[in-house]
Amino acid sequence: MKKSKSFWVFLILSALTFGVIQFLMNTGIIDDLYSNMIILMAINIMLAVSLHLVIGITGQFSIGHAGFLAVGAYVSAIVTMKLGLPFFVAILAAGIVAALAGLLVGIPTLRLRGDYLAIATLGFAEIIRIVFLNIDYVGGAAGMQVNRLTTWTWAFVCLFITILVIVNFTNSRHGRAAISIRENEIAADAMGINTTYYKVAAFALGSFFAGVAGALQAHNFYIIQPTNFGFLKSFDILIYVVLGGLGSISGSVIAAVFLTIISTYLQDYPETRMIIYSLVLVIVMLYRPKGLMGTKEITDLFKRKGGNNHDK
Amino acid sequence: MEWLQQLVNGISLGSIYALIALGYTMVYGIIKLINFAHGDVFMVGAFIGFYAITGWGLGFFPALIISMVACALFGVLIERIAYKRLRNATRIAALITAIGVSLLIEYGVIYIRGAQLETYPSVLPTKTFDVFGAQISSKSLLILGVSVGLMLILQFIVHKTKTGKAMRAVSHDMDAARLMGINVDRTISATFAIGSALAGAAGVIFGAYYTKIEPLMGVIPGLKAFVAAVLGGIGIIPGAMVGGLLLGVVETIVSAMGYSLWRDAAAFIILILILIFKPAGIFGKNTKEKV
């Protein structure tokens, strides 16, 4: 009962957000610069939330998320530009191929832990980038021209589905299994949880949504190049999750929104942007290693009154 | 005799990787931290050497020593400011801090002096020797000589001096070492100083050999040096040397076979294969995991 109520609240709030922003865009109150920023924000939130599933919920420290973003971007670009299929098919194909890539990367590497996993995922992301750099079919280093197809509606629908699926995954039996792996993998294993299965499943699901975000990103700019998907992009996504709080989906969303705004304003000063990013990263880790929100959610603020926290 | 020449090229490249990998492996051995900023210390070393040569008109060896001293201080500074508070933090927090420090150094240098390339002046004699039909430049030989010399000095420090003994003790068991009266903080700082000095030396050598330096040059060699450290068995000093040399040779072979664009991928493929099949590295022993 309670759960379905919060679902309806979420649905109404998101419909309202969508309607208001769409109205403001149509009437021209939000100009092109800002509507572009809002679409970028939606893409970044999707990336943050999908990495949150891997790092925040399952506790697997992956720093190669840009690799799956690249897979999604290139696959979707091939589907629309080379095969001439509709955008919807491209988004779906991007997600599926990225999830397959996630499986392919996840099955061998998720046996590793901590630092080694981080380096292995970074290595895989680099390999993915170098592979695209060497395929002439997708333009090699020069990149690939893509039509602009991403609209606010597409971005919003994808974002909505991403958040819905990941929140429901987290609150399900699978999500609790994943959280138990984060807390203590050996103990979770001893309790009969198939840790490999859940780790790979969370990784593939995260990769799926990163691929979808890649499709949106590819069709938001006019060109995609392998250099857009280097490890700096992975670190960008990592910063959203870390700053927001490892294990807090609302924290990731807030951090993604906030940092997208900052980076839009600092677009002309990329060095300053990176210095601010890195300082924020170091200071947050030194003084508040759990991130801004810790593992708390913004909805917890409203729950406390009833004192009903057992469904967390 | 093409292959002999490629082998020499590979060993020269590998000795640079080995020098960087030594710093990684020493720091990892002692505080279990992948010091992502290590590749950037390498970059800073290259720039200090560059300014010492062009600004003060010094030769190769004085510049090398100045760069090593400056990098040692820089490494200790990084450790004292950023990593010291993280001794008891989670591994993820430490790793993220290291990434943050690395980005801060890279973009700090870009902010101060811009992102443009710099060309190293030629400070090394350029003679070529004809050995069994292969053209071997005096540059490669000198670089190899300097690297081997530094590694021998490192071996001496680690095995024959009191600081080295303390380093080995702390990396074996930090708490027990502290109980035995070893100043753990100072030992860790010494490790950072030695590792960073080697990275600084590698920076100057890289500049003198490959001539082009820029603020983001440390990223890829840093990652590859880490691959070399893992390849040899992380935390094991001879492992880092062998791993570095092996990686340099493999990369040169891949390039020589005409796949130069795949060179960077080769390193990461080696990394992943090693992590999957023998995560302890060539020289490592397998350890059982305990609760």
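Preceding this section is the structure that the text describes.
### Focus: the overall build of chain A
Looking only at helices and strands, chain A has 13 helices and two strands in total. At 19 Å, chain A has a C-alpha radius of gyration in line with the 20 Å of a compact globule built from 312 residues. Along the three orthogonal principal directions, the C-alpha set of chain A runs to about 50 × 50 × 40 Å. The buried share among the 312 residues of chain A stands at 47%. When contacts within chain A are restricted to residue pairs at least 6 apart in sequence, those whose partners lie at least 24 apart make up 81%.

### A few points about the overall build of chain B
Within chain B, the regular secondary structure consists of eleven helices and four strands. For 291 residues, the compact-globule estimate of 2.2 N^0.38 gives 19 Å, and chain B sits close to it at 19 Å. Taking all 291 residues of chain B together, 54% fall into the buried category.

### Some remarks on the packing of helix α9 (residues 219-232) of chain B against helix α11 (residues 263-277) of chain B
Residue and element names in this part refer to chain B. The N-to-C vectors of α9 and α11 enclose an angle of 30 degrees; their axes lie 10 Å apart at closest approach. Judged on the interaxial angle alone, α11 and α9 are roughly parallel. Crossing hand, α9 versus α11: left-handed. In this structure, α9 contributes Ile220, Lys224, Val227, Val230 and Leu231 to the contact, and α11 contributes Asp264, Ala267, Phe268, Ile270, Leu271, Ile274 and Leu275. The residue makeup of the contact of α9 with α11, split by class, is ten nonpolar, no polar and two charged.

### A short note on the interface of chain B and chain A
Between chain B and chain A, the contact holds 33 residues from the first and 30 residues from the second. Listing elements by their share of the side of chain B that touches chain A, those giving two or more residues are α4 (91-113) and α11 of chain B. The leading source of residues in the side of chain B that touches chain A is α4(B), at 15 residues. Classifying every residue of the side of chain B that touches chain A by side-chain character gives 26 nonpolar, four polar and three charged.

### Quick word on the environment of B:Asp264
In this structure, B:Asp264 sits in helix α11. Here B:Asp264 falls in the buried class, since 20 other C-beta atoms lie within 10 Å of it. If we skip the residues at most four places from it in the chain, B:Asp264 touches A:Glu126, A:Ile130 and B:Ile220.

### Some thoughts on the packing of helix α2 (residues 38-56) of chain B against helix α8 (residues 184-210) of chain B
Residue and element names in this part refer to chain B. As a packed pair, α2 and α8 sit with axes 7 Å apart at the nearest point and diverge in direction by 55 degrees. With respect to their mutual orientation, α2 and α8 come out oblique. Every pair of crossing elements has a handedness; the one defined by α2 and α8 is right-handed. In this structure, α2 contributes His38, Val41, Phe42, Met43, Gly45, Ala46, Ile48, Gly49 and Phe50 to the contact, and α8 contributes Ser196, Ala199, Gly200, Ala201, Ala202, Gly203, Val204, Phe206 and Gly207. Classifying every residue of the contact of α2 with α8 gives eleven nonpolar, seven polar and no charged.

### Some thoughts on the nonpolar core
Counting residues in each nonpolar core, the largest one holds 208 residues, and the members touching the most others are A:Met46, A:Ala48, B:Val227 and B:Leu271. It is helix α1 (residues 2-31) of chain B that contributes the most residues to this core, 16 residues altogether.

Analysis parameters
Residues numbered from 1 in each chain as written. Chains lettered and ligands numbered in written order. Predicted model: local features only at pLDDT ≥ 70, side-chain atom pairs only at ≥ 80, totals over all residues. Helix = DSSP H or I, 4+ residues; strand = E, 2+ residues; numbered from the N terminus. Rg over C-alpha atoms; globule rule 2.2 N^0.38 Å. Buried ≥ 20, exposed ≤ 12 C-beta atoms within 10 Å, placed from the backbone. Contact = placed C-beta atoms within 7 Å. Axes fitted to C-alpha atoms, helices over the stretch in contact; angles between N-to-C directions. Parallel < 35°, antiparallel > 145°, perpendicular 65-115°, else oblique. Left-handed = near helix turned anticlockwise from the far one by under 90°. Nonpolar A, V, L, I, M, F, W, Y, C, P; charged D, E, K, R; others polar. Core = buried A, V, L, I, M, F, W, Y, C linked by C-beta atoms within 7 Å.

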